[in-house]
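Architecture at a glance
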Amino acid sequence: MSTDTAAAPVEPTPTAPETKRARKHRKFSPWSVVAWIVALGFFFPVAWMVLTAFKQEGDAYTTPPKLFFTPTLDQFKAVLDSGIGTALLNSAFATAMSTILVLVLGVPAAFALSLRPVRKTKDALFFFISTKMLPIVAAIIPLYVIVNDIGLLDNIWALIILYTAMNLPIAVWMMRSFFLEVPGELLEAASMDGASIWTSVREVILPLVSPGIAATALICVIFSWNEFFFAVNLTAVQAQTIPVFLVGFITGEGLYWARLSAAATLAALPVILAGWVAQNKLVRGLSFGAIK
């Protein structure tokens, strides 16, 4: 006997115009308006800073604020002539070197504490994070004495060492959470195929956690670039970083708002560009393991 079975109807795949029409008719949500208002509120100080950077000092001091003015690049030219290039190079060198050192030291530590745990792993993790519990102001005097005794006062390498120590605990904790999302069976399969532990890490583990490592590196870059307390106390001229340079625009005569805004815009631009270039890996890294 033969039985006739009716085939289930196949729904047609929506085309691009149909998808666009569906997006247009999507139900309006008031929360999206609230989200846009909040986002614009957070962005407004940055936009106002950039706008002020193109004003003359007289236009920057007006009350009420002047929205319509003749843009000028005089403030940027004055900032560049005042020596911001040296401060930018110092910040870039200290940030890059400290971030590289953090990754070189933090990746093996995070790997050992996740996929190859050691004895008393929780104690080691608590020791790492406990270094962040000490207020920086409580440690600056002994640090100043040590840096002065070893001849690294007003030296960029002192900041590199301190920035590495400052970011390493957070980096280890972050990267450990990314390594924990990697199945341990991958290492077992690689070892059964004859791969060494270094080959397994380089060829199997690191490609999987590269978004998380990129997110960790970007956070270390932001922390190092914006660090002020160590830089203002341990540097003077030769190792002056960009946050310390910006303080020079605060004088007893008052604030140079337009020039300070131009300098702050130039100082923020490298970090903004780094975040924009790495935004895809940053989002993937921060959401790594969130969806199973």
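Refer to the structure presented above.
Residues numbered from 1 in each chain as written. Predicted model: local features only at pLDDT ≥ 70, side-chain atom pairs only at ≥ 80, totals over all residues. Heavy atoms only, no water.

1. A word on the overall build of the protein chain
Threshold: Secondary structure elements follow DSSP: runs of H or I no shorter than four residues count as helices, runs of E no shorter than two count as strands, and numbering proceeds from the N terminus. Buried means the residue's accessible area, taken with a 1.4 Å probe over protein chains only, is under 20% of the maximum for its type, while exposed means over 50%, and partly exposed covers the values in between. Any two residues whose heavy atoms approach within 4.5 Å at even a single point are treated as in contact. To be clear on the numbers: accessible area is Shrake-Rupley with a 1.4 Å probe, and residue cover counts the displayed protein chains and nothing else.
Of the regular secondary structure elements, the protein chain holds 14 helices and 2 strands. Scored against the burial criterion, the 292 residues of the protein chain give a buried share of 31%. A separation of at least 24 residues holds for 76% of the contacts in the protein chain among residues at least 6 apart in sequence. Carbon and sulfur atoms provide 70% of the accessible area of the protein chain, an area that totals close to 18700 Å².

2. Here we look at the pattern of salt bridges
Our working rule: Between Lys or Arg on one side and Asp or Glu on the other, a salt bridge is scored when a side-chain nitrogen of the former is within 4 Å of a carboxyl oxygen of the latter.
For the structure shown, the criterion picks out 2 salt bridges. A salt bridge links Asp59 to Lys66; its shortest N-O distance comes to 3.0 Å. The buried category is assigned to Asp59, whose relative accessible area is 17%. The partner of Lys77 in a salt bridge is Asp81, and the shortest N-O contact between them spans 3.2 Å. You can see Lys77 and its partner Asp81 sitting in helix α4 (residues 74-81), 4 residues apart, about one turn around the helix. Take Lys77 and Asp81: they sit in the same class, and that class is exposed.

3. Quick notes on the side chain of Gln75
Within the secondary structure, Gln75 sits in helix α4. In contact with Gln75, other than residues within four places in its own chain, are Ala53, Lys55, Gln56, Glu57, Ala258, Arg259 and Ala262.

4. Description of the side chain of Ser114
Here Ser114 shows up in helix α5 (residues 84-114). When sequence neighbours within four positions are dropped, the list of residues in contact with Ser114 reads Arg176, Phe179 and Leu180.

5. Here we look at the packing of helix α10 (residues 197-226) against helix α13 (residues 257-277)
Here is the rule we go by: To obtain each axis, a line is fitted to C-alpha atoms, and for helices this fit is confined to the stretch in contact; angles are then taken between N-to-C directions over 0 to 180 degrees. Each angle gets one of four labels, with under 35 degrees taken as roughly parallel, over 145 as roughly antiparallel, 65 to 115 as roughly perpendicular, and the rest as oblique. Polar here means any residue outside two lists: the nonpolar Ala, Val, Leu, Ile, Met, Phe, Trp, Tyr, Cys and Pro, and the charged Asp, Glu, Lys and Arg; Gly therefore counts as polar.
Put simply, α10 and α13 touch, their axes get as near as 10 Å, and they point 175° apart. Considering the angle they form, α10 stands roughly antiparallel to α13. Seen from α10, the contacting residues are Leu218, Ile222 and Trp225; seen from α13, they are Ala267, Pro270, Val271, Ala274 and Gly275. Looking at the contact of α10 with α13 residue by residue, the class counts come to 7 nonpolar, 1 polar and no charged.

6. Brief notes about unusual backbone geometry
Peptide bonds are trans in most cases, and residues, glycine excluded, mostly fall at negative phi. We note that Asp154 has phi near 60°; this positive angle belongs to a residue other than glycine. Tracing the sequence through the fold places Asp154 in the loop between α7 (136-149) and α8 (156-180). Exposure remark for Asp154: the relative accessible area of 16% places this residue in the buried category.

7. Points about the packing of aromatic side chains
Filter applied, for reference: Centres within 6.5 Å make a pair out of two Phe, Tyr or Trp rings, where for Trp the six-membered ring is used; the pair is then stacked when the planes are under 30 degrees apart, edge-to-face when over 60, and tilted otherwise. For a ring to carry a charge above it, either NZ of a lysine or CZ of an arginine must fall within 6 Å of the ring centroid while also lying within 35 degrees of the normal to the ring plane.
Under the criterion given, the structure shown has 5 aromatic pairs. Ring centres 5.1 Å apart and planes at 55° place the aromatic pair Phe54 and Phe76 in the tilted group. Taken together, the residues span a long stretch of sequence, with Phe54 in the loop between α2 (30-53) and α3 (57-60) and Phe76 in helix α4 at a distance of 22 residues. With a relative accessible area of 29%, Phe54 lands in the partly exposed category. Residue Phe76 is classed as buried on the basis of its relative accessible area of 12%. Positioned above the aromatic ring of Tyr256 is the side chain of Arg259, whose terminal nitrogen or guanidinium carbon lies 5.9 Å from the ring centre.

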